[in-house]
Each structure stands twice: as C-alpha cells, then as structure tokens.
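For reference, the chains in residue letters:
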Amino acid sequence: MEEEKEVLIVEDSPAQAEHLRRILSKYGYSSFVALNGKEALEILKDHSPKAIISDVIMPELNGFQLCQIVKQNEKTKDITFILLTSLSDPKDIVEGIKVGADGFIMKPYNANYLISTLQYLLSLKELRKTGIIEPSIEFTLFGKRYRLNTSQIQILNLLLSVYEKKFEESLEIKELKNTIDKLSKEITKIKEQESEYDVLIEGIPAPIIVIRKDNEEIISTNSYALSFFNIKKEEIIGKKITDLLSFTPLYFAKFKVLLLQNHENKSFNLKGKLISKEEELEIIAIYITYKEIPSLQLVIKKG
C-alpha cells in the first residue's frame, strides 16, 4: 500500500522542505509537509505515516515538543521519529533521546546519509516486531539517569565524532564523549566503513546479509553474519546467497517471488538451512535500497 512509504516532513523553511521531499521522492517515498508542529498534529489526525522527519527549531511547537506529543499518543507512538539537527548544542542529543526520538540526521545532510538512516530505523522497527530486541544500558549524565539501546549509542557515537571536531575545547563534549566511549566498549566495536548503513547494522545482535535483487549476490554483511557462517568478509562478498543457504521448494519459490517484487520496508518470513547442516533457520527478508541498488536485507535466526 502507498501508506507503507509515507513520510511526514515538518520543516518551517519551504525551500528545505521541498529539498527533502525531492530526495524522498527519488527513493519512492511519498510525503506530506507541515510548516510547524501544530500543522503536523493536524495531519496526523487523518494520516499514519511510516516516519516523521522534523526540524528541531520551529515556531508554534519545536521538534522536541512535537516528538514528545507523538510518542505519548497511543495512536502515533510507534511512528519512527527522526530529528534534523544542526548540532548547535550537545544537549540537543540528550534532549532528543529524552523525548523518545528514534534517530538524528545532521544538517546539512546528503541524500545517501538521509536515506540510509531512514531505512535503517524503519528496518529496525520491523525487526523489533519479530522479537529481535536490542540490549540496553543505563548511565548517569549531567546528573540525570538515562537508558539507551545499542542503536541509540551508535547514533550518539556518530554525532559525537562530528561534535568533537567542532567543539574540541568544550568540557561538556569531553564529558559526553568519555561516557559514551566507555559504554560503547562494553556493547559493540563500530568499525569505520564507507557506508553509513553498514555502520548502523553492526549494532543489531543478529546475522544480517544484504543481497542484490537482480542477481542474488551478497553485497554487505555485519560481523554477526561473518561469525555465524565462519567466513571472512572478503570471501562472502560476491557469493550467491544460495552458496550459503538452502531452501525447501516452497520457500525457494517464495524467495524468487520476493526478488521480483518490491514492498519497501515490509518484512517477510522464510525458512532455510545452512548448506553444511540440517538445522532449520528462520529468515526475515526486508526490502531496502543499498547504495542506490534494489536489495533484500536478510536477518537470520535459529529456528
């Protein structure tokens, strides 16, 4: 359905809103535009978008206030909420987490970064529905207690790397960075990679493989998948997914159908086995666009 790819843009600059709308349209997303938080709430009375992308500084209701209202409403609380921030104040990050924001996009942004972040957060929501829950950790910062999940810590790390360059002498940033550095070592090691999407999926505690829809070749994977298949990254990239997994005739036919269709950010269940073992696996397939290539993201679970 068309509503599966609807995004609500909340931006008080018509020019910026149109720029964002064009980027989303290029990747198949339809969008509504609200010039402030109050207009956004009126639109939400009649529509249930897949995601909301909102500027922080706006008249009427700012982005934090809008996010808090959306997340406290039973009807809208599950909508993925992304804040656009210029990183003018490090406390913006903490405030965004406090009101329940699902992610941040730094201004100015490029199209690939924006779409990668959006697709990651939408995919993460689908994975939570299947029972793959991220570990969380509590910590105290500026005298307040917070709980973060793995993906939020990753987002903080990515944003802090930019903050560090802009505010090297800031004591607040040093305190924030030191805290997150300690937490990150306990949870995951995020490798520097060319693709923002590759960095983001590293924190999901399940094997993830991305394959091209046109030829079934593996084009990306996270460390959990490499460990699961006991294979090096340079050995797995370029392989066919059927070199690693086998399907029954029924699920093989369903898999082939999925390669021919496109239901962006919807999940489908498959069953398969390792080529070398008989243990049954559950496979969750989600349509994504990876580096502008139509792809399937496969999340593997033991049956």
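Coordinates for the structure precede this section.
Residues numbered from 1 in each chain as written. Predicted model: local features only at pLDDT ≥ 70, side-chain atom pairs only at ≥ 80, totals over all residues. Heavy atoms only, no water.

Draft legend 1. View of the packing of aromatic side chains. Per the stated rule, a full pass over the model turns up three aromatic pairs. When the centroid spacing of 5.1 Å and the interplanar angle of 15 degrees are considered together, the rings of Phe247 and Phe255 count as stacked. Phe255 matches Phe247 in its accessibility class, with the two residues each being buried. A centroid spacing of 5.9 Å and a plane angle of 85 degrees characterise the contact between Phe268 and Tyr287, whose relative ring orientation is edge-to-face. (Phe/Tyr/Trp six-rings, centres within 6.5 Å; stacked < 30°, edge-to-face > 60°. Buried < 20%, exposed > 50% of the residue type's maximum accessible area, 1.4 Å probe, protein only.)

Draft legend 2. Focus on unusual backbone geometry. With a phi close to 55 degrees, Asn230 is a non-glycine residue in the positive phi region. With respect to the helices and strands, Asn230 occurs in the loop between helix 9 (223-229) and helix 10 (233-236). Accessibility expressed as a relative area gives 71% for Asn230, which makes it exposed. Phi angles above zero are rare outside glycine, and Glu292 is one such case at about 70 degrees. Within the secondary structure layout, Glu292 lies in the loop between strand 12 (280-290) and strand 13 (293-302). (Helix = DSSP H or I, 4+ residues; strand = E, 2+ residues; numbered from the N terminus.)

Draft legend 3. Geometry of the sheet that holds strand 8 (residues 208-212). Pairing within the open sheet is antiparallel, and its six strands lie in the order 9-8-13-12-11-10. What marks the edges here is a single partner per strand, and that holds for strand 9 (218-221) and strand 10 (245-246). By the bridge criterion, 10 bridges tie strand 12 to strand 13 in an arrangement that is antiparallel. Residue pairing in the sheet places Ala285 in a bridge with Leu298 of strand 13. The strands that helix 11 (residues 249-260) touches are strand 8, strand 11 (267-274), strand 12 and strand 13; relative to strand 11, the one it contacts most, it runs at about 135 degrees. (Pairing = 2+ DSSP bridges. Contact = heavy atoms within 4.5 Å. Axes fitted to C-alpha atoms, helices over the stretch in contact; angles between N-to-C directions.)

Draft legend 4. View of the packing of helix 2 (residues 37-44) against helix 3 (residues 63-72). Contact geometry for helix 2 and helix 3: axes closest at 10 Å, N-to-C directions at 25 degrees. Between helix 2 and helix 3, the angle falls in the class roughly parallel. When you trace helix 2 past helix 3, the crossing you get is right-handed. For the pair helix 2 and helix 3, the contacting residues are Gly37, Ala40, Leu41 and Leu44 in the first and Leu66, Ile69 and Val70 in the second. In the contact of helix 2 with helix 3, the residues fall into six nonpolar, one polar and no charged. (Parallel < 35°, antiparallel > 145°, perpendicular 65-115°, else oblique. Left-handed = near helix turned anticlockwise from the far one by under 90°. Nonpolar A, V, L, I, M, F, W, Y, C, P; charged D, E, K, R; others polar.)

Draft legend 5. Looking closely at the environment of Tyr120. Here Tyr120 shows up in helix 5 (residues 111-129). Residues Tyr120 and Tyr197, spaced 77 residues apart in sequence, show a C-alpha to C-alpha distance of 6.7 Å.

Draft legend 6. Looking closely at the pattern of salt bridges. Enumeration according to the criterion identifies nine salt bridges in this entry. Here Glu42 makes a salt bridge to Lys45, at a shortest N to O gap of 3.0 Å. We classify Glu42 as partly exposed; its relative accessible area is 47%. Of the residues examined, Lys45 reaches a relative accessible area of 52% and is grouped as exposed. Between Lys77 and Glu74 there is a salt bridge, and its shortest N-O distance comes to 2.9 Å. (Salt bridge = Lys/Arg side-chain N within 4 Å of Asp/Glu carboxyl O.)

Draft legend 7. Expanded view of the pairing of strand 8. Most of strand 8 is tucked away, with four of its five residues classed as buried. Taken together, the five bridges between strand 8 and strand 13 define a ladder with antiparallel strand orientation. In the sheet register, Ile209 faces strand 13, and the bridge partner there is Leu298. As paired strands, strand 8 and strand 9 are joined by three bridges and run antiparallel to one another. From the neighbouring strand, Ile211 faces strand 9, where its bridge partner is Ile218. The antiparallel pairing of strand 8 with strand 9 creates a hairpin that spans five residues between the two strands, and Glu216 there sits at a positive phi of about 70 degrees.

Draft legend 8. Representation of helix 1 (residues 14-26) within the structure. Over its 13 residues, helix 1 runs 18 Å from end to end, which matches the ideal 18 Å to within 8%, given 1.5 Å per residue. Within helix 1, the full set of buried residues consists of Ala17, Leu20, Ile23 and Leu24. Along helix 1, the residues classed as buried sweep out an arc of 125 degrees about the axis, all on the same side. For helix 1, exposure combined with an orientation more than 90 degrees from the buried face picks out Pro14, Ala15, Arg22 and Lys26. Following helix 1 by one or two positions, Gly28 adopts a phi angle in the positive range, close to 90 degrees. (Expected span 1.5 Å × (residues − 1). Arc of directions from axis to C-beta.)

Draft legend 9. Region of the structure containing the nonpolar core. One finds Leu20, Leu24, Tyr109, Leu114, Leu118 and Tyr120 to be the most contacted residues of the largest nonpolar core, which totals 36 residues. Those elements giving two or more residues to this core turn out to be strand 1 (6-10), helix 1, strand 3 (51-55), strand 4 (80-85), helix 5, helix 8 (196-201), strand 8 and strand 12. In terms of residue count, helix 5 provides more of this core than any other element does, nine residues in total. Those residues within four positions of Leu24 in sequence are excluded, and the remaining contacts are Val7, Ile9, Tyr29, Ser31, Ile53, Leu114, Ile115 and Leu118. Membership of the second largest hydrophobic core comes to 25 residues, among which are Ile211, Leu245, Leu270 and Leu281. (Core = buried A, V, L, I, M, F, W, Y, C linked by side-chain atoms within 4.5 Å.)

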